[in-house]
Amino acid sequence: MGLLLTTSAIAFSVLKLIGAAYLIYLGLKLWFSSVPDVTRKAASPKHVGLQFAEGFTLQLTNPKAVFFFMAVFPQFIDLSSSYLTQFGLLVTTYSSLVVAIHLIYARSAGLARGWLSSRKGGRIVNRLSGGSFICFGVGLASASK
């Protein structure tokens, strides 16, 4: 498929227009959709240790993290110093930043929960999301490459 798209300008243009039409369709569908009822349902409680184990396992098997560390960390390693100390400092710094960022996300979501679950907030989110899809579709359709 990739070979066909790179060699045929017509096939590329057709696929691009189909993709643009689909994005515009999704945007219009979202724009005119009704606001879903997002009343809070009681979640089944999970043990904290199980939640931690699931998250830890997920991150260990995440190839993006491995590639990120392989691409970024070597730039900050001094070859004349202890690798273990430097690696520990880099991992601790990275982990602290990730925890801080996720705490900010969680706090922001908690603050916005009431507004986002209202009909007015849901309608605004639908319109913004639908408008974004429509703009991406128009941008894709008008792109020359």
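Calculation criteria
Residues numbered from 1 in each chain as written. Predicted model: local features only at pLDDT ≥ 70, side-chain atom pairs only at ≥ 80, totals over all residues. Heavy atoms only, no water. Helix = DSSP H or I, 4+ residues; strand = E, 2+ residues; numbered from the N terminus. Rg over C-alpha atoms; globule rule 2.2 N^0.38 Å. Buried < 20%, exposed > 50% of the residue type's maximum accessible area, 1.4 Å probe, protein only. Contact = heavy atoms within 4.5 Å. Areas by Shrake-Rupley, 256 points an atom, 1.4 Å probe, with all protein chains shown as cover. Axes fitted to C-alpha atoms, helices over the stretch in contact; angles between N-to-C directions. Parallel < 35°, antiparallel > 145°, perpendicular 65-115°, else oblique. Left-handed = near helix turned anticlockwise from the far one by under 90°. Nonpolar A, V, L, I, M, F, W, Y, C, P; charged D, E, K, R; others polar.

Attention now moves to the overall build of the protein chain. Broken down by element type, the protein chain carries six helices and zero strands. Listed N to C, the secondary structure of the protein chain is α-α-α-α-α-α in terms of helices and strands. Relative to a compact globule of 145 residues, whose C-alpha radius of gyration would be 15 Å, the protein chain shows 23 Å and is clearly more extended. Viewed in the frame of its principal axes, the protein chain has a C-alpha envelope of about 55 × 50 × 20 Å. Out of the 145 residues in the protein chain, the part that is buried amounts to 10%. Looking at the protein chain alone, contacts between residues at least 24 apart form 68% of all its contacts between residues at least 6 apart. If you sum the accessible surface of the protein chain, you get close to 11,700 Å²; carbon and sulfur atoms cover 72% of it.

With that out of the way, let us pick up the packing of helix α2 (residues 9-32) against helix α6 (residues 119-142). Contact pair α2 / α6: the axes reach a minimum separation of 7 Å and the direction vectors enclose 165 degrees. Our classification of the angle between α2 and α6 gives roughly antiparallel. Along this stretch, α2 crosses α6, giving a crossing that reads as left-handed. Between α2, through K16, L17, G19, A20, L23, I24, L26, G27, L28, L30 and W31, and α6, the contact on the second element is made entirely by N126, R127, S129, G130, G131, F133, I134, F136, G137, V138, L140 and A141. Taken together, the residues of the contact of α2 with α6 sort by class into 14 nonpolar, seven polar and two charged.

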